[in-house]
Amino acid sequence: MKKMHWLLAVFLATTNTRGQSTPGQSAPPADHLTLEQCYRLAEANYPLTRQRALIASTCDYNISNLSKGIYPQLSVNGAATYQSAVTDISIPPINGYKIAIPVVPKDQYKLYGEISQTLTGFGINKQQREISSIDAALQEANLNTDLYQLKDRINQLYFGALLIDDQIKQNDLASKDVQTGIDNARARIDNGTDFVSSLNKLKAQLLQTEQHTIELRASREAYTDMLGLFINLPVDSTTQLERPEAQKTADSINRPELKAYDLQVKQYAEDLRLTRLNLYPQLNVFFQGGMGQPNPMNLLSTSLSPYYFTGLRLTWTIGGAYTYRKDRLISLNNQEVVKTQRSTFLFNTQETMHQENANIRKYRQLIQSDDDIVNLRESVSKTSAVQLLNGVITANDYIQDVNAAAQARQDRAVHQIQLLMTQYDYKNTSGN
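Residues numbered from 1 in each chain as written. Predicted model: local features only at pLDDT ≥ 70, side-chain atom pairs only at ≥ 80, totals over all residues. Heavy atoms only, no water.

1. What to know about the overall build of the protein chain
Part 1: When helices and strands are counted, the protein chain shows nine helices and six strands.
Part 2: For the protein chain, whose C-alpha radius of gyration is 41 Å, the value lies well above the compact-globule estimate of 22 Å for 432 residues.
Part 3: If you line up the protein chain on its principal axes, its C-alpha atoms span 165 × 50 × 30 Å.
Part 4: Taking the intrachain contacts of the protein chain between residues at least 6 apart in sequence as the baseline, contacts between residues at least 24 apart amount to 85%.
Part 5: Carbon and sulfur atoms make up 54% of the accessible area of the protein chain, which amounts to about 25,700 Å² in all.
Part 6: Within the protein chain, the 43 negative side-chain charges are centred at a point lying 8 Å from the centre of the 43 positive side-chain charges. (Helix = DSSP H or I, 4+ residues; strand = E, 2+ residues; numbered from the N terminus. Rg over C-alpha atoms; globule rule 2.2 N^0.38 Å. Contact = heavy atoms within 4.5 Å. Areas by Shrake-Rupley, 256 points an atom, 1.4 Å probe, with all protein chains shown as cover. Lys, Arg positive; Asp, Glu negative; His and termini not counted. Charge placed at Lys NZ, Arg CZ, Asp CG, Glu CD.)

In structure tokens form, the structure reads like this:
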């Protein structure tokens, strides 16, 4: 259980941050908890979880804004200018008639509005919305990856507390065995066949066993306090932690990281598709109308007068064609990088699963041996109690046999919890 040792240090560092609830309004401790409940409560209480709603709302805003890109676009423009020269047309008189052509003024004014509607931008707009959706899904997948790490922390705390519960139970059994020896020693002293020193040795052993129980309860409190901090619910000595069921191992891998890798590859591919769509010519219909002096449609009209014109406008920006080939290669390289990272993640995950599977087999074999050892040690301990009563062995011999039986039970309890924890570590590693 080396994996759990850091938790006590972390607990000491975070104890002062527990006072986040309003004074006088603390919730009562939970009666009982399951591991799955702790998973859900820890995720709901973790501050990072609040990002999920922010990601969803931001995606909705972006898509809503992008969808308006296909609506008719309106712009208003104006200008007031003065120029150094204007066109001056002088025509000599014809048959005595003088032709007067108005002179365009040097100060000119123009105020107009233009409304345009794209005819070819629907595909680009749809692609932009698709990219925005993928980006939001990728952010959520990364969030799920971060939140998934909580399960490992909850496992360490939950199984650490369960292990201490079992150790306390085994320690209570050892106390009962020692008490049996004390009763036998008292009976022999009353019969004049034993010394008070034997009784004192057994009493000292009982006190040591009770001290160990105190230490175990203090350690459990540290684990449960940390667990309560994660799930935002008081957990104390009265809270019963239910032992989870044994888990079967599965070879498949369903980690949230895989979805994030797949979405990242898709994002690069969709970005490249948008780049390709931007290479095509764009066509829109427009209408422009306003006031001008002189009239832009009739320069011979020197007074402020209205005008309008409408038509089709073609725009084709070919600058992107120069870099598209390299852009495509860059996108393909980025996709390959992500695919390589995905393969590396799968390889490392499979390696971890292989090690954990080997540990599962090891603990199962140890537990089988533990059962035999416990039966033998308890049989010896019971025999020693009879022998102590009959004066065949000393109090020291009896204490040794009792401690051996207690240690055997402790070893079995440790291996049982280690097996359960490794099974759930395997489950979290595989994502199943």
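That covers the picture; the talk isn't over yet.
2. Some remarks on the sheet that holds strand β2 (residues 73-82)
Part 1: Taken together, the four strands give an open sheet; going across it, the order is β2-β3-β5-β6, and neighbouring strands pair in antiparallel fashion. Strand pairing shows two members of the sheet lacking a second neighbour, β2 and β6 (305-315), which therefore form its edges. Averaged over neighbouring strand pairs, the angle between their axes works out to 20 degrees when direction is ignored.
Part 2: With 11 bridges connecting them, strand β5 (residues 282-293) and β6 associate as antiparallel partners. Bridging across to β6, Phe287 finds its partner in Thr310. (Pairing = 2+ DSSP bridges. Axes fitted to C-alpha atoms, helices over the stretch in contact; angles between N-to-C directions.)

3. Concerning the nonpolar core
One broad trend across soluble globular proteins is that nonpolar side chains are buried collectively.
Part 1: Ranked by internal contacts, the top residues of the largest apolar core, which has 33 residues, are Ile154, Phe159 and Leu227.
Part 2: Mapped by element, the contributors of at least two residues to this core are α2 (35-45), α3 (51-67), α4 (122-148), α5 (150-190), α6 (196-231) and α9 (395-430).
Part 3: Ranked by residue count, the leading element in this core is α5, at 10 residues.
Part 4: When sequence neighbours within four positions are dropped, the list of residues in contact with Leu227 reads Cys38, Ile154, Leu157, Tyr158 and Leu241.
Part 5: Core analysis: the second largest hydrophobic core is formed by 13 residues, Val178, Ala185, Ala385 and Val402 among them. (Core = buried A, V, L, I, M, F, W, Y, C linked by side-chain atoms within 4.5 Å. Buried < 20%, exposed > 50% of the residue type's maximum accessible area, 1.4 Å probe, protein only.)

4. Topic: a positive patch on the surface
Part 1: Together, Lys126, Arg273, Arg276 and Arg328 line one region of the surface with positive charge.
Part 2: Checked against the element boundaries, Lys126 lands in helix α4.
Part 3: On the accessibility criterion, Lys126 (58% relative accessible area) is exposed. (Patch = residues over 30% accessible without salt bridge, like charges linked within 9 Å, V, L, I, M, F, W, Y side chains within 5 Å. Salt bridge = Lys/Arg side-chain N within 4 Å of Asp/Glu carboxyl O.)

5. Observations regarding the packing of aromatic side chains
Part 1: Evaluated as defined, the whole model comprises five aromatic pairs.
Part 2: Taking 6.0 Å as the distance between ring centres and 55 degrees as the angle between the ring planes, the aromatic pair formed by Tyr261 and Phe345 counts as tilted. With Tyr261 in helix α7 (residues 256-277) and Phe345 in helix α8 (residues 319-390), this pair connects stretches of sequence that are 84 residues apart.
Part 3: Accessibility expressed as a relative area gives 15% for Phe345, which makes it buried.
Part 4: Joined through ring pairs, the aromatic side chains of Tyr158, Phe159 and Tyr424 make up one cluster.
Part 5: Over the ring of Tyr39 we find Lys151, and its NZ or CZ is 5.3 Å from the ring centre. (Phe/Tyr/Trp six-rings, centres within 6.5 Å; stacked < 30°, edge-to-face > 60°. Lys NZ or Arg CZ within 6 Å of the ring centre and 35° of its normal.)

6. A closer look at the confidence of the model for the protein chain
Part 1: Counting all residues, the mean pLDDT for the protein chain is 88, and 93% of those residues have values of 70 or more.
Part 2: Model confidence for the protein chain, summarised as mean pLDDT per element, is weakest for helix α1 (residues 5-14) at 42 and strongest for α7 at 95.
Part 3: When the criterion is pLDDT under 50, residues 1-25 qualifies, and its contacts beyond four places in sequence or with other chains add up to 28 contacts. (pLDDT = per-residue confidence, 0-100.)

7. Re the packing of α2 against α5
Part 1: Closest axis-to-axis distance for the α2/α5 pair is 10 Å, and the angle between their directions is 135 degrees. The angle between α2 and α5 places the two elements in the oblique class. Judged by the twist between their axes, the crossing of α2 over α5 is right-handed. Contact with α2, carried on its side by Leu35, Cys38, Tyr39, Ala42 and Glu43, involves Leu150, Lys151, Ile154, Asn155, Tyr158 and Phe159 of α5 and no other residues of that element.
Part 2: The residue makeup of the contact of α2 with α5, split by class, is eight nonpolar, one polar and two charged. (Parallel < 35°, antiparallel > 145°, perpendicular 65-115°, else oblique. Left-handed = near helix turned anticlockwise from the far one by under 90°. Nonpolar A, V, L, I, M, F, W, Y, C, P; charged D, E, K, R; others polar.)

8. Remarks on the pairing of strand β3 (residues 107-118)
Part 1: Of the pairings in the sheet, the one linking β2 to β3 comprises 10 bridges and is antiparallel in character. In the sheet register, Gln73 faces β3, and the bridge partner there is Ser116.
Part 2: Summarising the sheet, β3 and β5 pair through 10 bridges and their orientation is antiparallel. Bridge assignment links Tyr109 to a residue of β5, and that residue is Gln293.

9. Looking at the environment of Leu376
Part 1: Examined against the element boundaries, Leu376 turns out to sit in helix α8.
Part 2: Considering only alpha carbons, one finds Leu376 and Ala405, 29 residues apart in sequence, at a separation of 8.3 Å.

10. Some words on the pattern of salt bridges
Part 1: Across all of its chains, the model carries 13 salt bridges by this definition.
Part 2: A salt bridge links Glu114 to Arg313; the shortest N-O distance between them is 3.0 Å. With Glu114 in strand β3 and Arg313 in strand β6, the pair connects residues that are 199 residues apart, well separated along the chain.
Part 3: Classification of Glu114 by relative accessible area gives buried; the value is 13%.
Part 4: The class for Arg313 is partly exposed, based on a relative accessible area of 29%.
Part 5: One salt bridge in this structure joins Arg409 and Asp177, with 3.5 Å as the shortest N-O distance. Here Arg409 is found in helix α9, whereas its partner Asp177 is found in helix α5, with 232 residues between them in sequence.
Part 6: Given a relative accessible area of 3%, Arg409 falls into the buried group.

11. Notes on α8
Part 1: Taking 1.5 Å as the rise per residue, α8 with 72 residues should run 106 Å; its terminal C-alpha atoms sit 104 Å apart, in good agreement.
Part 2: Where α8 terminates, the next one or two residues include Gly391, which has phi positive at roughly 80 degrees. (Expected span 1.5 Å × (residues − 1).)

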